[in-house]
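Secondary and tertiary structure notes
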Amino acid sequence: MRAACVRAGRDPASVTLVAVTKGRDPAVMREAIAAGVRDIGENRVREALEKYAVFCPGAAVEQGKCRLRWHGIGHVQTNKVKDAVRIFDVIHSVDSLRLAEKISEQAAEVSKIQDVLLEINVSGERSKYGFRPEESLDALISALCFGNLKILGFMTVGPKESDPENVRKHFRLLRKLFEQARKNLITVKPEAADAFREVSMGMSDDFEVALEEGSTVVRVGRAIFDKGQ
Ligand SMILES: *Cc1c(COP(=O)(O)O)cnc(C)c1O
């Protein structure tokens with residue numbers, strides 16, 4: 001990550017590493033935490049709940065002693081919204097206005113302002129969740145109406161490619177959509193523009209390209225946890 005930031009003339013400290021721990025057991029997670037990981041990414045709410053109970057038991061949370069930040073990075077089903085809002089500091093995968101509304105409603109119930117990102121399907125693959133690039137600005141403006149959300153930015157999952165160079169154009173597009181959206185917010189809703197600073201893109205195979213293209217949050221699993229990588 002540092003090398004990629006230096007290549008791109010960026011400060012490595014300006015980038016967040018989310019360690020993606022789906023399918024990893026708590027013992028392995030403990031090692032990562034001991035090595036300095038503070039941001040944990042999980043793509044399924046049920047699995048995240050189990051781990052949250054291990055690492056952030058109720059008493060610790062009440063005393064503000066859970067030092068980890070929990071990131072929801074997978075599609076959230078409507079019936080899981082309540083749990084997602086309870087445990088996730090940030091939900092990266094808001095892929096519809098219906099979901100945005102549900103999250104905001106649930107957050108209101110527990111007097112929380114939920115940090116979220118809107119997921120954009122930049123590659124246009126049918127198998128993927130997310131707003132289409134051309135609807136990203138409208139989606140953002142609409143989502144700003146939900147009072148208990150704080151919209152931090154945009155997120156995408158790059159297409160699977162054997163050569164990460166082929167993902168570059170998709171990351172470049174997300175960064176461009178982000179810049180345009182931010183510019184727009186500065187004029188129409190300056191108070192929302194201030195919070196809108198994150199571009200969540202880049203995984204094990206393509207995080208270096210993502211950083212060169214302006215990612216501020218990379219979500220990395222296998223490159224951290226798989227042996228022999
Ligand atoms: C699994 C996952 C990652 C991490 O993928 P790796 O290839 O293991 O780095 C990142 N983002 C999302 C949304 C994921 O589901």
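Structural notes, computed from the coordinates. (Residues numbered from 1 in each chain as written. Predicted model: local features only at pLDDT ≥ 70, side-chain atom pairs only at ≥ 80, totals over all residues. Heavy atoms only, no water.)

Moving on, we get to the layout of surface pockets. In this structure, the largest pocket occupies an estimated 740 Å³ of space. Along the wall of the largest pocket there are 26 residues; nearest its centre are Lys-22, Val-157, Lys-160, Met-203 and Arg-219. Its residues assigned to classes, the lining of the largest pocket shows nine nonpolar, six polar and 11 charged. By volume, the second largest pocket is sized at about 210 Å³. Asn-43, Arg-44, Val-45, Arg-46, Gly-74, His-75, Val-76, Gln-77 and Lys-80 are the residues that line the second largest pocket. Residues of the lining of the second largest pocket, tallied by class, amount to two nonpolar, four polar and three charged. (1 Å grid on protein atoms, 1.4 Å probe; cavity = no way out; pocket = protein on both sides within 12 Å on 5 of 7 lines; lining within 4 Å. Points joined across faces, edges and corners; volume = space filled by probe spheres on them. Nonpolar A, V, L, I, M, F, W, Y, C, P; charged D, E, K, R; others polar.)

Glancing now at the side chain of Ser-215. The topology assignment puts Ser-215 in the loop between helix 10 (207-212) and strand 8 (217-220). Its relative accessible area of 0% is what places Ser-215 among the buried residues. (Helix = DSSP H or I, 4+ residues; strand = E, 2+ residues; numbered from the N terminus. Buried < 20%, exposed > 50% of the residue type's maximum accessible area, 1.4 Å probe, protein only.)

Applying the stated criterion across every chain, the model contains one disulfide. Each sulfur of the disulfide joining Cys-56 and Cys-66 lies 1.6 Å from the other. Of the two residues, Cys-56 is situated in the loop between helix 3 (45-55) and helix 4 (58-62) and Cys-66 in the loop between helix 4 and strand 3 (69-72); the sequence distance between them amounts to 10 residues. For the pair shown, Cys-56 and Cys-66 are each scored as buried. (Disulfide = S-S within 2.5 Å.)

Here we come to the pairing of strand 5 (residues 114-119). Of all the six residues making up strand 5, six are buried; the element is thus mostly covered by neighbouring parts of the structure. Burial along strand 5 is two-sided: Gln-114, Val-116 and Leu-118 and Asp-115, Leu-117 and Glu-119, pointing in opposite directions, are all buried. The sheet contact formed by strand 4 (residues 90-94) and strand 5 spans three bridges and is parallel. Counted as the bridge partner of Val-90 is Asp-115 from strand 5. By the bridge criterion, six bridges tie strand 5 to strand 6 (residues 149-155) in an arrangement that is parallel. Among the inter-strand pairings, Val-116 is bridged to a residue of strand 6, identified as Ile-151. Handedness of the crossover joining strand 5 and strand 6 through helix 7 (residues 136-143) is recorded here as right-handed. (Pairing = 2+ DSSP bridges. Right-handed = clockwise from strand over helix to strand, strands pointing away.)

A few words now on the site of the ligand. Near the ligand the following residues occur: Val-20, Lys-22, Asn-43, Ile-73, Val-157, Met-203, Ser-204, Arg-219, Val-220, Gly-221 and Arg-222. Between an oxygen atom of the ligand and a side-chain N or O atom of Lys-22, the distance comes to 2.8 Å. A distance of 2.8 Å is found between an oxygen atom of the ligand and a backbone nitrogen or oxygen belonging to Gly-221. A total of 380 Å² of accessible area belongs to the ligand in isolation, and the protein chains cover 88% of it. In the shell around the ligand, the residues fall into five nonpolar, three polar and three charged. (Near = heavy atom within 4 Å. Polar contact = N/O pair within 3.5 Å; in protein donor to acceptor, adjacent residues only side chain to side chain. Areas by Shrake-Rupley, 256 points an atom, 1.4 Å probe, with all protein chains shown as cover.)

What follows is about the packing of aromatic side chains. Overall, the coordinates contain three aromatic pairs when judged by the stated rule. Where Tyr-52 meets Trp-70, the ring centres are 5.5 Å apart and the plane angle is 65°; that geometry is what we call edge-to-face. Of this pair, Tyr-52 sits in helix 3 while Trp-70 is found in strand 3, placing the two residues 18 residues apart along the sequence. Of the two residues, Tyr-52 and Trp-70, neither departs from the other in class, the shared state being buried. Ring centres 5.2 Å apart and planes at 90° place the aromatic pair Phe-154 and Phe-196 in the edge-to-face group. With Phe-154 in strand 6 and Phe-196 in the loop between helix 9 (190-195) and strand 7 (198-200), this residue pair connects regions lying 42 residues apart in the sequence. (Phe/Tyr/Trp six-rings, centres within 6.5 Å; stacked < 30°, edge-to-face > 60°.)

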